[in-house]
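Listed here are the chains, written in short residue letters.
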Amino acid sequence: MSGETRDAILLPAALERLAQVADVQPALLVTDFGADDPAQRAALRDTEALFTGWGCPPLDAAALTAMPRLRTVVHAAGSVKHHITQEVWDRGITVSTAATANALPVAEYTVAAILFANKHVLGSARVYRETRTRVNLLAEFPGIGNYRRTVGLVGASRIGRRVAELLRPFDLRVLVHDPYLDEESAQALGAELTPLDALVAQSDVVSIHAPELPQTRHLFDAGRLALMRDGATLVNTARGSLVDTDALVKELVSGRIDAVLDHTEPEVLPADSPLYDLPNVLLTPHIAGSQGGELHRLADAAVDELERYAHGLPFAHAVDPRTLHQQA
């Protein structure tokens with residue numbers, strides 16, 4: 001992992017737990033598997049398990065050749081697509097991820113965004129700030145409130161499923177679209193399986209939780225965005241590439257819909273992007289995922305998995321190469 005990642009997630013308590021599970025060298029940080037470092041090469045020759053995080057270089061054939069005893073990779077972060085190569089699977093190496101742990105804060109952010117969107121927090125705060133007097137909410141926002149509003153979840157990913165679970169206590173109608181989900185599974189989530197365009201057209205809030213894949217690029221193009229109800233809100237905590245930014249800007253500049261965006265394309269928008277200043281947009285700098293103290297949950301989850309491995313138990317959060325193409 002990168003040095004920044006190590007410093008952020010591996011606090012002394014986590015390192016102490018790690019040392020109780022495995023024979024580790026806390027001072028050894030690998031950022032380049034091909035580095036000309038005799039101590040690193042010797043350590044890698046004996047390595048059975050890799051504890052990885054953000055910034056891990058690809059585990060390609062050359063890297064794996066340097067680790068002939070490697071049997072497992074435990075990733076203290078979400079997606080493994082950046083460093084787990086086909087060579088890893090070909091050698092029968094097992095992989096675990098802390099993606100489930102990382103999904104929790106994203107889901108929490110999303111639920112907050114949904115509830116605030118239906119309460120028209122952005123709009124009512126703007127009107128109150130501008131008028132500085134009592135606001136006639138029913139006149140300004142006749143549809144305000146969460147009771148019996150419709151929320152559409154695009155993708156039954158780890159995050160999408162957690163969002164559905166967290167929405168259960170509220171009096172909301174929840175729709176879900178996912179090409180790999182069936183009716184029974186949707187009902188188990190407390191949601192109605194719905195075709196994507198119908199979901200978009202019926203929802204007061206549309207929340208995106210689909211993976212970034214070639215087939216999901218610009219899933220929300222001009223045509224699909226046009227299906228959204230007037231006054232509806234688009235929430236994107238997935239990837240910016242799932243939304244056509246130019247088409248979204250046009251809709252938002254018109255004021256027809258609102259948006260809560262934690263991801264955009266590009267990830268950092270140009271300084272002159274209207275999305276920074278539009279009153280109907282809440283733009284956040286990729287904060288939905290694990291941050292600050294939430295990072296420690298990732299380390300704990302990864303050490304839990306390594307402990308299972310040490311005791312000969314199966315991973316609780318193993319990565320299945322057969323379904324990896326469906327995930328972020």
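Residues numbered from 1 in each chain as written. Predicted model: local features only at pLDDT ≥ 70, side-chain atom pairs only at ≥ 80, totals over all residues. Heavy atoms only, no water.

Looking at an unreviewed UniProt entry, one finds the protein chain named Hydroxyacid dehydrogenase and attributed to Streptomyces microflavus. Database annotation for the protein chain, UniProt heading Sequence similarities (unreviewed entry): "Belongs to the D-isomer specific 2-hydroxyacid dehydrogenase family." (UniProt positions renumbered as here; feature names shortened; annotations may be inferred.)

So, about the domain arrangement of the protein chain. Looking at the protein chain, the domain boundaries give domain 1 (3-100 + 292-326) and domain 2 (103-283). Each of domain 1 and domain 2 was reduced to a C-alpha centroid, and the two centroids are 34 Å apart. Across the boundary between the two partners, domain 1 contributes eight residues, which contact eight residues of domain 2. Buried surface at the junction of domain 1 and domain 2, both sides included, amounts to about 760 Å², of which 48% is carbon and sulfur. Our count for the domain 1 to domain 2 interface comes out at zero salt bridges. Our enumeration of links across domain 1 and domain 2 arrives at three residue pairs in polar contact (both at pLDDT 80 or more). Here the side of domain 1 that touches domain 2 is composed, by residue class, of one nonpolar, four polar and three charged. (Domains from an automatic or database assignment. Contact = heavy atoms within 4.5 Å. Buried area = accessible area lost by both parts, 1.4 Å probe. Salt bridge = Lys/Arg side-chain N within 4 Å of Asp/Glu carboxyl O. Polar contact = N/O pair within 3.5 Å; in protein donor to acceptor, adjacent residues only side chain to side chain. Nonpolar A, V, L, I, M, F, W, Y, C, P; charged D, E, K, R; others polar.)

Position of S203 relative to the elements: it lies in the loop between α11 (196-202) and β7 (205-208). A polar contact of 3.3 Å, which involves the side chain of S203, links it to the backbone nitrogen of G152. Side-chain polar atoms of S203 contact the backbone oxygen of L199, separated by 2.7 Å. (Helix = DSSP H or I, 4+ residues; strand = E, 2+ residues; numbered from the N terminus.)

Okay, the layout of surface pockets next. Taken as a whole, the second largest pocket spans an internal volume of roughly 880 Å³. If you go around the second largest pocket, you meet 30 residues; those closest to its centre are D23, V24, Q25, A49 and F51. Residue assignment for the lining of the second largest pocket shows that the elements contributing at least two residues are α2 (12-21), α3 (38-45), β1 (49-52) and α14 (295-310). Per-element accounting of the lining of the second largest pocket gives the leading share, four residues, to β1. (1 Å grid on protein atoms, 1.4 Å probe; cavity = no way out; pocket = protein on both sides within 12 Å on 5 of 7 lines; lining within 4 Å. Points joined across faces, edges and corners; volume = space filled by probe spheres on them.)

What UniProt calls "domain: D-isomer specific 2-hydroxyacid dehydrogenase NAD-binding" (unreviewed entry) maps, in this numbering, to residues 113-288. Strand forms 16% of residues 113-288 and helix 34%; the C-alpha atoms that close the span are 10 Å apart.

Turning next to the pairing of strand β4 (residues 149-154). Summarising burial for β4: five of the six residues are buried, a large majority. Looking at chain direction, β4 and strand β5 (residues 172-177) are connected through six bridges and run parallel. By the bridge assignment for β5, V154 is matched with H177. Once the chain exits β4 it traverses helix α9 (residues 158-167) before rejoining the sheet at β5, and the crossover so formed is right-handed. Bridge count between β4 and β7: four bridges; the pairing is parallel. Paired with G152 across the bridge in β7 is V206. (Buried < 20%, exposed > 50% of the residue type's maximum accessible area, 1.4 Å probe, protein only. Pairing = 2+ DSSP bridges. Right-handed = clockwise from strand over helix to strand, strands pointing away.)

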